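Summary of structural features
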Amino acid sequence: MNNTTNGVMKNGTENLCRILENAKLNPENAKRDDYISWEEYFMAVTIATSHRSKDPATQVGCVLVNEDNHVVGAGYNGFPNGISDDEYPWGKQSENPLETKYTYVVHAEMNAIMNATARQLKNCRLYTTRFPCNECAKLIIQARIGEIIYLDDKEEQWQSQAARKMFDTARIPTRKYQKTGRKIVIEL
Ligand SMILES: Nc1ccn([C@H]2C[C@H](O)[C@@H](COP(=O)(O)O)O2)c(=O)n1
Ligand SMILES: [Zn+2]
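Residues numbered from 1 in each chain as written. Chains lettered and ligands numbered in written order. Predicted model: local features only at pLDDT ≥ 70, side-chain atom pairs only at ≥ 80, totals over all residues. Heavy atoms only, no water.

The test is simple: UniProt positions are given in the numbering used here, feature names are shortened, and annotations may be inferred rather than shown by experiment.
Per an unreviewed UniProt entry, the protein goes by the name Probable deoxycytidylate deaminase and belongs to Diploscapter pachys. Among the UniProt annotations of the protein, the heading Cofactor (unreviewed entry) holds the following wording: "Zn(2+)".

Here it is as structure tokens:
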């Protein structure tokens, strides 16, 4: 199709009008409008990431997103590199602290920060399926992460309360992800 008027390239507005006109005339040319939002997309990636965890009780996912909406890090709760999932305990309770998972597991947020492809995480958004604990909060603050978006909070836990207190003091906003009811089916 000729895209010039008197040898001059048509400007963007004219082209846009032509595209809209075309879409009205022929709906097959229109883009789909039921695509998921950025927010739904990042939380979906975060939930998908949690499915990598081998913790039989609680699977946590975490994703870091920079100001250009690029995912720059992802992590889930698991044992450190080289520590065998089969030899170390996944249990919660024992009189011996050497025999519970809590002594060994690396939290999802910590893994996401450690795995990040970007060196600078300043102003990144952190999506997590669970509100961070106090230990991860310290790392998050030091990494200068700009916002926390969480799916679940375990407010009754002192670790989350301490984390919230530190985020408030450090002026890092936190907000609960607002579920939209949107469902996506992924067949693997
Ligand atoms: N913000 C969080 C909180 C917890 N985790 C991990 C640590 C454990 O693997 C599991 C919690 O175990 P539970 O006491 O619920 O059986 O979740 C994390 O990665 N990030
Ligand atoms: Zn943590």
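**A closer look at the overall build of the protein**
Applied cut-off: By definition, any uninterrupted DSSP run of H or I lasting at least four residues is a helix, any uninterrupted run of E lasting at least two residues is a strand, and each is numbered from the N terminus. Radius of gyration here uses only the C-alpha atoms, and the compact-globule reference equals 2.2 Å multiplied by the residue count raised to the power 0.38. Buried, partly exposed and exposed residues are distinguished by accessible area as a fraction of the type maximum, computed with a 1.4 Å probe on protein chains only: under 20%, between the cut-offs, and over 50%, respectively. We call two residues contacting when some pair of their heavy atoms lies within 4.5 Å. We get accessible surface area from the Shrake-Rupley algorithm with a probe of 1.4 Å; when it comes to residues, only the shown protein chains can shield them. Note on charges: Lys and Arg go in the positive column, Asp and Glu in the negative column, and His and the chain ends are not counted at all. Throughout, a charge is located at the NZ atom of Lys, the CZ atom of Arg, the CG atom of Asp or the CD atom of Glu.
In terms of regular secondary structure, the protein is built from five helices and seven strands. Along the protein, helices and strands appear, N-terminal first, in the series β-β-α-α-β-β-α-β-α-β-α-β. Computed over its C-alpha atoms, the radius of gyration of the protein comes to 23 Å, more than 25% above the 16 Å expected for a compact globule of 188 residues. Once the C-alpha set of the protein is aligned to its principal axes, its extents read approximately 85 × 40 × 30 Å. Within the span of the protein, comprising 188 residues, buried residues form 34% of the whole. In the protein, of all internal contacts separated by at least 6 residues, the share reaching a separation of at least 24 is 60%. When the accessible surface of the protein is split by element, carbon and sulfur atoms take 51% of a total near 12,800 Å². One way to put it: in the protein the 24 positive side-chain charges average out to a point 5 Å from where the 24 negative ones average out.

**Thoughts on helix α2 (residues 38-50)**
Heads up, the rule is: What a helix is expected to span follows from its residue count: subtract one and scale by 1.5 Å.
Taking 1.5 Å per residue as the helical rise, α2 with its 13 residues ought to reach 18 Å, and the 18 Å between its terminal C-alpha atoms agrees with that figure. Considered for burial, the residues of α2 that qualify are Glu40, Phe42, Met43, Thr46, Thr49 and Ser50. Against β3 (61-65), β4 (71-76), β5 (125-130) and β6 (147-152) lie the buried residues of α2.

**As for the coordination of the zinc ion (ligand 2)**
For a metal with four tetrahedral donors the ideal donor-metal-donor angle is 109.5 degrees, while six octahedral donors give ideal angles of 90 or 180 degrees. As a reminder of what qualifies: Coordination partners: N, O, S within 2.8 Å of the metal, 3.2 Å for Na, K and Ca; water not considered, so apparent gaps in a site are possible.
Only His107 (ND1), Cys133 (SG) and Cys136 (SG) from the protein reach the zinc ion (ligand 2) as donors, at distances of 2.0 to 2.2 Å. Mapping the donors of the zinc ion (ligand 2) onto the primary sequence yields the spacing H-x25-C-x2-C. For Cys133, a relative accessible area of 11% corresponds to the buried category.

**A closer look at the environment of Met166**
One can find Met166 in helix α5 (residues 158-169). Separated by 82 residues in the primary sequence, Met166 and Ser84 place their C-alpha atoms 33 Å from one another. Beyond its immediate sequence surroundings of up to four residues, Met166 is in contact with Asn134, Ala137, Lys138 and Ile141.

**Details of helix α4 (residues 134-142)**
Here is the rule: Along the arc lie the directions from the helix axis toward the C-beta atoms.
When α4 is considered as a whole, its buried residues turn out to be Asn134, Cys136, Ala137, Ile140 and Ile141. Taken around the axis of α4, the buried residues stretch over an arc of 150°, which confines them to a single face. Buried residues in α4 make contact with α3 (108-115), β5, β6 and α5.

**What about the packing of aromatic side chains?**
Note the threshold: Only the six-membered ring of Trp is used, alongside the rings of Phe and Tyr, when aromatic pairs are assigned; centres must lie within 6.5 Å, and planes under 30 degrees apart are stacked while those over 60 apart are edge-to-face, with the rest tilted.
Going through the model one piece at a time under the given rule, you end up with 10 aromatic pairs. Between Tyr88 and Tyr104, the aromatic rings sit 4.8 Å apart at their centres with planes inclined by 85°, giving edge-to-face as the arrangement. A residue pair is termed long-range when its members are at least 10 positions apart, and Tyr88 in the loop between β4 and α3 and Tyr104 in the loop between β4 and α3 qualify at 16 residues. Looking at Tyr88, the relative accessible area reads 30%, which means it is partly exposed. With centroids separated by 4.8 Å and ring planes inclined at 90°, the aromatic side chains of Phe131 and Tyr150 adopt a geometry described as edge-to-face. Residue Phe131 is found in the loop between β5 and α4, and its partner Tyr150 is found in strand β6; the two are separated by 19 residues along the sequence. Grouping residues by exposure puts Phe131 and Tyr150 together as buried.

**Here we look at the nonpolar core**
Put simply, the rule is: Side-chain atoms within 4.5 Å are what join buried Ala, Val, Leu, Ile, Met, Phe, Trp, Tyr and Cys residues into a set we call a nonpolar core.
In terms of nonpolar packing, the biggest core is built from 24 residues, with Leu64, Leu121, Leu126, Ile140, Ile145, Ile148 and Phe167 touching the most fellow members. At the level of secondary structure, the elements contributing two or more residues to this core comprise β3, α3, α4, β6 and α5. Counting residues per element, this core draws most heavily on α4, which supplies four residues. Leaving out residues up to four positions away in the same chain, Leu64 has contacts with His70, Val71, Val72, Gly73, Ala112, Ile113, Ala116, Leu121, Arg125, Leu126 and Ile145. Counting residues in each nonpolar core, the second largest holds eight residues, with Met43, Val65, Ile149 and Tyr177 among its members.

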